[in-house]
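Listed below are the residues making up each chain.
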Amino acid sequence: MNRTHNRNDRRRFLKLAAGLAAIGLLRPAKTFAQREAQITRVIASSGQRLPVIGMGTSRTFDVTPDPAAMANLGEVLQAFFQQGGTVIDSSPMYGNSEQVLGDLLRRIPPPANLFAATKVWTDGEESGIEQMEHSRQLWGVDGFELIQIHNLRDWQVHYETLMAMKSEGKIRYVGITTSHGRDHDELQSVLKSHPFDFVQFSYNVGNRDAERELLPLAADRGIAVIVNRPFARGSLFQKTKGHPLPDWAADFDCGSWGQFFLKYVVSHPAVSCAIPATSKVHHMVDNMGAGFGRLPDQTERRRMESYFASL
Ligand SMILES: NC(=O)c1ccc[n+]([C@@H]2O[C@H](COP(=O)([O-])OP(=O)(O)OC[C@H]3O[C@@H](n4cnc5c(N)ncnc54)[C@H](OP(=O)(O)O)[C@@H]3O)[C@@H](O)[C@H]2O)c1
């Protein structure tokens, strides 16, 4: 990114932050200061670095693409890029999401290091190949960095296709996903026997099942971890409603419950990236703030767990 770009981004960000601060949604000085030290993690299979906060698109981008919805989501996407976001996760399973995202990517130029990640979610080799090509056309990208087998569906077949695509240089990484704690046993046996670059599953302060086996396994095998549902689809906020953020959260540069949940997830040493989804600009700015400043250490993580459990 050149200097003029940086200055323009900075100016646009300050304008956005000032607007949000005016309506009491953001403490601008802190978030902007945090921007200077974005937290990244290394993908073990390549050495490439990724910002720890990315963006999900299920439900939030699955809208009827009328002008009002597109204008709103365009601002959400722009805020994501302005805050240094690069990792976007979608799937053909998410209704209109890939189409809406692609239309917006044609209007709002993504950064050169956009990390485009989608999934294959169908049965059969031919259908899988067609679906991935359709997704590529919808996004309007030359190719995907990462394609993940969605919910292990027909995984043996798609695995062969994806490994061939990887060796031909059509994609950079191969992944596999699940969510809600489903199919963990099968996922573990797949990961033990096949060299996936990425795995994606649910993990958050209210559901820590993945800590038992999946996270250690991924760390052991050098598999990058993308965490979906970092807010348990938003339900974590129901539990914290009416409760103030503890003062000690400021010790690790955390200024909101959203950042509390995200910093908890990405401070696990095996996690590469979390992909919260939002349809609101101020939530996007808030979420991206979790990717800056300090992360909680082990003692602080234990304190976060007990505090959340006590609510
Ligand atoms: N099997 C799979 O592969 C799989 C399964 C599930 C999910 N995923 C991926 O993971 C992504 C994330 O999961 P998810 O969308 O289910 O749930 P999530 O990210 O845990 O939660 C999203 C919800 O949190 C709310 N939210 C976001 N930021 C907030 C903030 N700062 N303050 C308050 N509320 C906030 C959003 O509402 P607002 O719109 O009002 O902000 C939305 O309702 C998905 O979009 C998808 O890309 C993959």
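Everything numeric here is computed off the predicted structure, so don't read it as measured data.

What counts, and at which threshold
Residues numbered from 1 in each chain as written. Predicted model: local features only at pLDDT ≥ 70, side-chain atom pairs only at ≥ 80, totals over all residues. Heavy atoms only, no water. Buried < 20%, exposed > 50% of the residue type's maximum accessible area, 1.4 Å probe, protein only. Helix = DSSP H or I, 4+ residues; strand = E, 2+ residues; numbered from the N terminus. Pairing = 2+ DSSP bridges. Near = heavy atom within 4 Å. Polar contact = N/O pair within 3.5 Å; in protein donor to acceptor, adjacent residues only side chain to side chain. Areas by Shrake-Rupley, 256 points an atom, 1.4 Å probe, with all protein chains shown as cover. Nonpolar A, V, L, I, M, F, W, Y, C, P; charged D, E, K, R; others polar. Axes fitted to C-alpha atoms, helices over the stretch in contact; angles between N-to-C directions. Parallel < 35°, antiparallel > 145°, perpendicular 65-115°, else oblique. Contact = heavy atoms within 4.5 Å. Right-handed = clockwise from strand over helix to strand, strands pointing away. Phe/Tyr/Trp six-rings, centres within 6.5 Å; stacked < 30°, edge-to-face > 60°. Lys NZ or Arg CZ within 6 Å of the ring centre and 35° of its normal.

A.B. asks: Residues and numbers for the pairing of strand β4 (residues 115-120), please.
C.D. replies: Along β4, six of the six residues are buried, which leaves the element largely enclosed by surrounding structure. Burial along β4 is two-sided: the face carrying Phe-115, Ala-117 and Lys-119 and the face carrying Ala-116, Thr-118 and Val-120 are both buried. In the sheet, strand β3 (residues 87-89) pairs with β4 via three bridges, with the strands oriented parallel. Bridging across to β4, Val-87 finds its partner in Phe-115.

A.B. asks: With reference to specific residues and values, describe the site of the ligand.
C.D. replies: In the region of the ligand, 29 residues are neighbours, and Asn-151, Thr-278, Ser-279, Lys-280 and His-283 sit closest. Between the ligand and Asp-89, the relevant distance is 2.7 Å, taken from an oxygen atom to a side-chain nitrogen or oxygen of the residue. The backbone of Pro-230 places a nitrogen or oxygen atom 3.4 Å from an oxygen atom of the ligand. In isolation the ligand exposes 900 Å². Once the protein is present, 90% of that is buried. Classifying every residue of the shell around the ligand by side-chain character gives eight nonpolar, 15 polar and six charged.

A.B. asks: Go over the packing of helix α4 (residues 97-107) against helix α5 (residues 125-139), please, and point to the residues and values.
C.D. replies: Between α4 and α5, whose axes approach to 7 Å, the crossing angle comes to 40°. Viewed along their axes, α4 and α5 adopt a mutual orientation that is oblique. On α5, the residues touching Glu-98, Gln-99, Leu-101, Gly-102, Leu-105 and Arg-106 of α4 are Ser-135, Gln-137, Leu-138 and Trp-139. Of the residues assigned to the contact of α4 with α5, the class counts are four nonpolar, four polar and two charged.

A.B. asks: Explain the pairing of strand β6 (residues 173-177) to me, using residue names and the numbers behind them.
C.D. replies: The element β6 is extensively covered by neighbouring structure, given that five of its five residues are classed as buried. Residue alternation in β6 divides its side chains into two sets, Tyr-173, Gly-175 and Thr-177 and Val-174 and Ile-176, and both sets are buried. Of the pairings in the sheet, the one linking strand β5 (residues 146-149) to β6 comprises four bridges and is parallel in character. Within β6, the residue paired with Leu-146 across the bridge is Tyr-173. Alignment of β6 against strand β7 (residues 198-202), held across three bridges, turns out to be parallel. Note on β7: the bridge partner recorded for Gly-175 is Phe-198. Following the backbone out of β6, through helix α7 (residues 184-193) and into the adjacent parallel β7, one traces a crossover that is right-handed.

A.B. asks: I'd like to hear about the sheet that holds strand β9 (residues 273-274), residue by residue, with values.
C.D. replies: With respect to topology, seven strands assemble into an open sheet ordered β3-β4-β5-β6-β7-β8-β9, the strand pairing being parallel. Only two strands of the sheet have a single neighbouring strand rather than two, namely β3 and β9.

A.B. asks: Before we move on, can you summarise α4 with the specific residues and values?
C.D. replies: Along α4, the positions that sit buried rather than exposed are Ser-97, Glu-98, Val-100, Leu-101, Gly-102, Leu-104 and Leu-105. On the buried face of α4, the contacting elements are α3 (67-82), β3, β4 and α5.

A.B. asks: Just give me the short version of the environment of Tyr-307, but keep the residues and values in it.
C.D. replies: With respect to the helices and strands, Tyr-307 occurs in helix α12 (residues 298-310). What makes Tyr-307 partly exposed here is its relative accessible area of 23%. C-alpha separation for the pair Tyr-307 and Leu-245, spaced 62 residues apart in sequence, amounts to 10.0 Å. In contact with Tyr-307, other than residues within four places in its own chain, are Pro-244, Pro-246, Trp-248 and Trp-257.

A.B. asks: Give a detailed account of the environment of Phe-252, specifying residues and quantitative values.
C.D. replies: For Phe-252, the position within the fold is in the loop between α9 (236-240) and α10 (257-266). A residue is classified by how much of its surface remains accessible, and Phe-252, at 0% relative accessible area, is buried. Apart from the residues within four sequence positions on either side, Phe-252 is in contact with Lys-263, Arg-294, Leu-295, Pro-296, Glu-300 and Met-304.

A.B. asks: Hey, could you go over the packing of aromatic side chains for me, with residue numbers and the actual values?
C.D. replies: Under the definition given, this model contains 18 aromatic pairs. For the pair Phe-261 and Phe-308, a centre-to-centre distance of 5.8 Å together with 90° between the ring planes defines the contact as edge-to-face. With Phe-261 in helix α10 and Phe-308 in helix α12, this pair connects stretches of sequence that are 47 residues apart. For the residue pair Phe-261 and Phe-308, the accessibility class agrees, reading buried in each case. An aromatic cluster is built from Phe-231, Phe-237, Trp-248, Phe-252, Trp-257, Phe-260, Phe-261, Tyr-307 and Phe-308, whose rings are joined through pairwise contacts. It is Arg-153 that lies over the ring of Trp-121; its NZ or CZ is 4.9 Å from the centre. One cation-aromatic arrangement involves Lys-239 over Phe-308; the distance from NZ or CZ to the ring centre is 4.4 Å.

A.B. asks: Let's hear about unusual backbone geometry: which residues, and what values?
C.D. replies: Positioned with a positive phi, Asn-151 is a non-glycine residue whose angle comes to about 55°. Structurally, the position occupied by Asn-151 is in the loop between β5 and α6 (155-167).

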